[in-house]
Protein chains: 2
Amino acid sequence: MERIAVDMDGVIADVSEQFFLFDEKDFGKRKTLEEVMGKPESIAFPKCREYVLTKGFFRTAPVMKESQEILLQLNKQYEVFIVSAATEFPHSFSEKQEWLNEYFPFITWQQIVFCGTKTIIETDIMIDDHFKNLDHFKRTTFLFSQSHNFLQNEGRHRRVNSWKEIADILL
Amino acid sequence: MERIAVDMDGVIADVSEQFFLFDEKDFGKRKTLEEVMGKPESIAFPKCREYVLTKGFFRTAPVMKESQEILLQLNKQYEVFIVSAATEFPHSFSEKQEWLNEYFPFITWQQIVFCGTKTIIETDIMIDDHFKNLDHFKRTTFLFSQSHNFLQNEGRHRRVNSWKEIADILL
């Protein structure tokens, strides 16, 4: 059974939408997609580091569209691991685990990995929205489109724009 | 630079000693080494599952003898990762991270991995006290002696009885 490492933030958890919402609360007006397109999150949302340290940020993140149904199917055909770079923000562990239990109850604790760098993760497939995680990975990679990576050339990674696209390829 | 995955419980954190202490508190008398030798922890310490769920169990675990000095040296010559199967006990995350920050301050958040199964960990060397973690591992393995594994044949894994022995081999 092939193994997939699925990133959490920006792939199944819509932290980008959280940034939009928190940013709007701070600056009074929702940024447009054009304003953030192609920009690193730290530029697009100047207070993003403060936001991720805010209690509840990860717990209340919206679920990425279609990710629940499709991950449920993938979980039957692949060995799925949710791999999140979380050790930089220790307060996020419990929020992330609770969030997973709520929205992805079929993901067991055996399938969860919280790490700092993903360079030590070995699976057959990695789905992630950050080049820093995909570039070192030796096998099949999918770059999940997010505004911060959108204007960058995907290089050797196959770009996917939605979970529907992932389903079309992997299911 | 070669990469080492170092287990936490039973390798740098002396959870066995914690079991002895908790067990003594419950049953009024410290078990002898002979009484637990070669037995799975669940047999040797009948209430061990209750203990690991007790607040403070991981935070107050003693440090394994000589592990601090030797891991500090290894950390200069290898890329060290502390890999702990912790997602079964989500309450342990913060205790384990605080414990690491106190006793191994040179280990950064980038070097910490909390997972369920270790089958997705890829490094050159793995040091662990459990066969279930070492057996699937493809490269160099060291079995750290603990009472629960002591009477078992080490098989293809090289047995080490102390951190001093690890230093003699790897430094």
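Thresholds applied
- Residues numbered from 1 in each chain as written.
- Chains lettered and ligands numbered in written order.
- Predicted model: local features only at pLDDT ≥ 70, side-chain atom pairs only at ≥ 80, totals over all residues.
- Domains from an automatic or database assignment.
- Contact = placed C-beta atoms within 7 Å.
- Nonpolar A, V, L, I, M, F, W, Y, C, P; charged D, E, K, R; others polar.
- Buried ≥ 20, exposed ≤ 12 C-beta atoms within 10 Å, placed from the backbone.
- Helix = DSSP H or I, 4+ residues; strand = E, 2+ residues; numbered from the N terminus.
- Pairing = 2+ DSSP bridges.
- Least-squares fit on C-alpha atoms with pLDDT ≥ 70 in both.
- pLDDT = per-residue confidence, 0-100.
- Right-handed = clockwise from strand over helix to strand, strands pointing away.
- Axes fitted to C-alpha atoms, helices over the stretch in contact; angles between N-to-C directions.
- Parallel < 35°, antiparallel > 145°, perpendicular 65-115°, else oblique.
- Left-handed = near helix turned anticlockwise from the far one by under 90°.

### Here's the deal with the domain arrangement of chain A
Residues and elements named next belong to chain A.
Here's step 1: Looking at chain A, the domain boundaries give domain 1 (3-13 + 62-170) and domain 2 (15-52).
Here's step 2: The distance between the C-alpha centroids of domain 1 and domain 2 comes to 21 Å.
Here's step 3: On the side of domain 2, twelve residues touch domain 1, which itself brings ten residues to the contact.
Here's step 4: In terms of residue class, the side of domain 1 that touches domain 2 is built from five nonpolar, four polar and one charged.

### Looking at the pairing of strand E1 (residues 3-7) of chain A
Residues and elements named next belong to chain A.
Here's step 1: The buried fraction of E1 amounts to four of the five residues, a majority that puts the element mostly inside the structure.
Here's step 2: When E1 meets strand E2 (residues 79-85), the two strands line up parallel, connected through five bridges. Bridge pairing links Arg-3 to Glu-79 in E2.
Here's step 3: Inspection of the sheet shows E1 paired to strand E4 (residues 125-128) by three bridges, in the parallel sense. By the bridge assignment for E4, Ala-5 is matched with Met-126.

### What about the relation of the copies chain B and chain A?
The two chain copies are related to each other by a rotation about an axis together with a translation along it.
Here's step 1: Superposition of chain B onto chain A requires a rotation of 180° combined with a translation of 0.0 Å along the rotation axis, giving an RMSD of 0.0 Å. Taken together, the rotation and translation describe the operation of a two-fold axis.
Here's step 2: Taken as a fraction of all interface residues of chain B, those also at the interface in chain A reach 100%, which identifies the copy contact as same-surface.

### A closer look at the interface of chain B and chain A
Here's step 1: On the chain A side, the residues contacting the 21 residues of chain B number 21 residues.
Here's step 2: If one sorts the elements of the side of chain B that touches chain A by residue count, strand E3 (residues 112-115) of chain B sits on top with four residues.
Here's step 3: By residue class, the composition of the side of chain B that touches chain A is ten nonpolar, eight polar and three charged.
Here's step 4: Bridge count between strand E3 (residues 112-115) of chain A and E3(B): three bridges; the pairing is antiparallel. Following the sheet pairing, Val113(A) is matched in E3(B) by Cys115(B).

### Considerations on the confidence of the model for chain A
Here's step 1: Chain-level statistics for chain A give a pLDDT mean of 96 and a share of 100% at 70 or above.
Here's step 2: Note on the complex model: pTM 0.93, ipTM 0.91.

### What to know about the pairing of strand E2 (residues 79-85) of chain B
Residues in a regular strand project their side chains so that they alternate between the two faces of the sheet.
All names here are of chain B.
Here's step 1: Of all the seven residues making up E2, six are buried; the element is thus mostly covered by neighbouring parts of the structure.
Here's step 2: Both E2 and E3 contribute to a ladder of four bridges, which runs parallel. Looking across to E3, one finds that Ala-85 is bridged to Cys-115.
Here's step 3: Regarding topology, helix H6 (residues 92-103) serves as the crossover connection from E2 to the parallel E3, and that connection is right-handed.

### A word on the packing of helix H5 (residues 67-77) of chain B against helix H8 (residues 163-170) of chain B
Residue and element names in this part refer to chain B.
Here's step 1: H8 packs onto H5 with a crossing angle of 20° between their chain directions and a minimal axis gap of 9 Å. In terms of orientation, H5 lies roughly parallel with respect to H8. Relative to H8, H5 is oriented so that their crossing is left-handed. Between H5 and H8, the residues in contact are Ser-67, Ile-70 and Leu-74 and Trp-163, Ile-166, Ala-167 and Leu-170, respectively.
Here's step 2: Residue classes in the contact of H5 with H8 are distributed as six nonpolar, one polar and no charged.

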